Amino acid sequence: MKTPFPAASTETKVFRRVAVTTLAAALLAGTAAPGVAAADSSAAVPKAAAGQDHPELQEAIQAFVDAGFAGMQLRVHDEQGDWVGSAGVRKLGQSAKPPTNGRFWAGSVSKPFTATLVLQLVAEGKIGLDAPVAGYLPELGLDRRITVRMLLQHTSGLFDYTGEYYDDGTFAPGIPATGNEWLNNRFRTYRPEELVRLALSKPARFEPGTDQNYSNTNYTLALLLIEKVTGRSYAEELQRRILRPLGMRGTMAAGTRAQLPGPHAHGYYRYQDAGQWKTVDVTRQNLSLLAGAGDLISTTQDLHTFISALNGGKLLPAPLLAEMRKPYGKLGYGLGLFVQDLGPNCGTVYQHNGSPPHSYGALMYSSPDGKRTLTASVTYVDDAARSLRNEFPKAVGRLLAEVFCDGQAGSADEAKPAQ
């Protein structure tokens, strides 16, 4: 979805464009009392990294549950190894805790993966970073001023096929990606070409390269570019270039798959029907709606593996990694990564968070050298009111302060894109 789960207050302008909606804590009343776990059998955790060694991290994830999220799983990696923990419940009405390395819908965390694939092809000379996309995909009739860099940087101006929120508060609808319309069509299959052509049928937001606007269309186009240049599917290239070399067995491009494999926590949507409130389990959903832009299934371990390898220089040549991590424009966005200055005593992190249309969210943060990372997934009871939009950045700020600021609360709360 749109710039999912902004990490700090400076991104709240973007936040209102996201389907980051959850039920307030009161709406969870009547369910089983949330449990707390330091680890479970789904992840091998070194004894030195056991949950009781870092009570401040357990408290930080419990804060998400106290704020209204159903459950959370967190992994923090630093010089001492891994700490993993969870809080809340795996499923409403039951007491089982979320698995600490369960599968989840990762949403827009997919974008750095897609950008990495494109940049690997740039490194091989198969794609020009500043070449017109129309030269590779002539059948789409794209504006020839749009370059590959503009896709990855969100500066193409292309309409977002899931709809556009404008600065004056108006909304131009696209394919229903939130609310009851999405709920009733959540198993529908979309083809990437269908998504892109819908976007191209709408007026562009701005002339290519003149502004910046987060748009899923850019990354679905990047998927089509990868497939056209390689002659293989996006899923095949993802496996061949990233997942298999890094041993990421818990990650896959979902395609039309609607079921999370293996242990996982459940997500929910709450809506009103004939005057009655109903809560439906929406764990099963078809994310072909976000092809290349938000359709990954992953785990906290795999997200750590990826972001650590990326920032550690294992996936891209140094010059292209530098391009990827160079912040641009009002979003502080590089080529598939947000660049975020957490303030004094904290430094810069490279991150991308994510959320599919409803009920799941993912966090992925890394220090510049890839040696300290934070990866997480939250599940929640979502609704059309987006009732926790103000609480989420506060909880994330506290978590970032514990991990990257040595617990100095307030530093991460004031985080802003690096200039």
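For the structure itself, consult the block above.
How each quantity is defined
- Residues numbered from 1 in each chain as written.
- Predicted model: local features only at pLDDT ≥ 70, side-chain atom pairs only at ≥ 80, totals over all residues.
- Heavy atoms only, no water.
- Buried < 20%, exposed > 50% of the residue type's maximum accessible area, 1.4 Å probe, protein only.
- Helix = DSSP H or I, 4+ residues; strand = E, 2+ residues; numbered from the N terminus.
- Pairing = 2+ DSSP bridges.
- Phe/Tyr/Trp six-rings, centres within 6.5 Å; stacked < 30°, edge-to-face > 60°.
- Contact = heavy atoms within 4.5 Å.
- 1 Å grid on protein atoms, 1.4 Å probe; cavity = no way out; pocket = protein on both sides within 12 Å on 5 of 7 lines; lining within 4 Å.
- Points joined across faces, edges and corners; volume = space filled by probe spheres on them.
- Nonpolar A, V, L, I, M, F, W, Y, C, P; charged D, E, K, R; others polar.
- Disulfide = S-S within 2.5 Å.
- Axes fitted to C-alpha atoms, helices over the stretch in contact; angles between N-to-C directions.
- Parallel < 35°, antiparallel > 145°, perpendicular 65-115°, else oblique.
- Left-handed = near helix turned anticlockwise from the far one by under 90°.

Novice: Can you explain the pairing of strand 3 (residues 81–88)? Please cite residues and give values.
Specialist: Judged by how many residues are buried, strand 3 sits mostly within the fold: seven of eight residues are covered. The pairing of strand 2 (residues 71–78) with strand 3 spans eight bridges and is antiparallel. Note that in strand 3 the partner of L74 across the bridge is G85. Between the antiparallel neighbours strand 2 and strand 3 lie two residues.

Novice: Give me the lowdown on the packing of aromatic side chains, citing residues and values where you can.
Specialist: A full pass over the atoms with the stated rule returns 10 aromatic pairs. Centre to centre, the rings of Y214 and F338 are 6.4 Å apart; their planes meet at 10°, and the pair counts as stacked. One end of the pair, Y214, is in the loop between helix 6 (192–200) and helix 7 (216–230); the other, F338, is in strand 11 (residues 338–341), with 124 residues separating them in the sequence. A centroid spacing of 6.2 Å and a plane angle of 15° characterise the contact between Y269 and Y271, whose relative ring orientation is stacked.

Novice: Help me get a handle on the environment of G267, residues and values and all.
Specialist: Tracing the backbone shows G267 in the loop between strand 7 (252–253) and strand 8 (268–273). A residue is classified by how much of its surface remains accessible, and G267, at 0% relative accessible area, is buried. Separated by 176 residues in sequence, G267 and K91 place their C-alpha atoms 7.9 Å apart. Apart from residues no more than four positions distant in its own chain, G267 is found in contact with V280, D281, V282, T283, S359, Y360 and Y380.

Novice: Tell me what's going on with empty space enclosed by the protein, and back it up with residues and numbers.
Specialist: Enumeration according to the criterion identifies one cavity of 30 Å³ or more in this entry. Approximately 40 Å³ is the volume found for the largest cavity. In terms of lining, the largest cavity is formed by G71, M72, Q73, P98, F104, A265, Y360, S377, V378 and T379. When residues of the lining of the largest cavity are traced back to their parent elements, those giving at least two are strand 2 and strand 14 (373–379). Class assignment for the residues of the lining of the largest cavity results in six nonpolar, four polar and no charged.

Novice: Explain unusual backbone geometry to me, using residue names and the numbers behind them.
Specialist: Notably, H154 is not glycine yet its phi reads approximately 60°, a positive angle. Owing to a relative accessible area of 0%, H154 belongs among the buried residues under this scheme.

Novice: I'd like to hear about the state of the cysteines, residue by residue, with values.
Specialist: Taken as a whole and judged by the stated rule, the model has one disulfide. A sulfur-sulfur distance of 2.1 Å marks the disulfide that ties C346 to C405. Taking the sign of the S-S torsion, 125° for the link of C346 and C405, the bridge is right-handed. With a gap of 59 residues between them, C346 in the loop between strand 11 and strand 12 (348–351) and C405 in the loop between helix 11 (391–404) and strand 16 (416–417) connect regions that are remote in the sequence. The exposure class of C346 is buried, given its relative accessible area of 14%. A relative accessible area of 0% means that C405 is categorised as buried.

Novice: Could you give an account of the packing of helix 3 (residues 110–123) against helix 7, with specific residues and numbers?
Specialist: As a packed pair, helix 3 and helix 7 sit with axes 10 Å apart at the nearest point and diverge in direction by 40°. Here helix 3 lies oblique to helix 7, going by the angle between them. Of the two elements, helix 3 crosses helix 7, and the hand of that crossing is left-handed. Counted together, K111, T114, A115, L117, V118 and L121 of helix 3 and N216, Y219, A222, L223, I226 and T230 of helix 7 form the full contact between these two elements.

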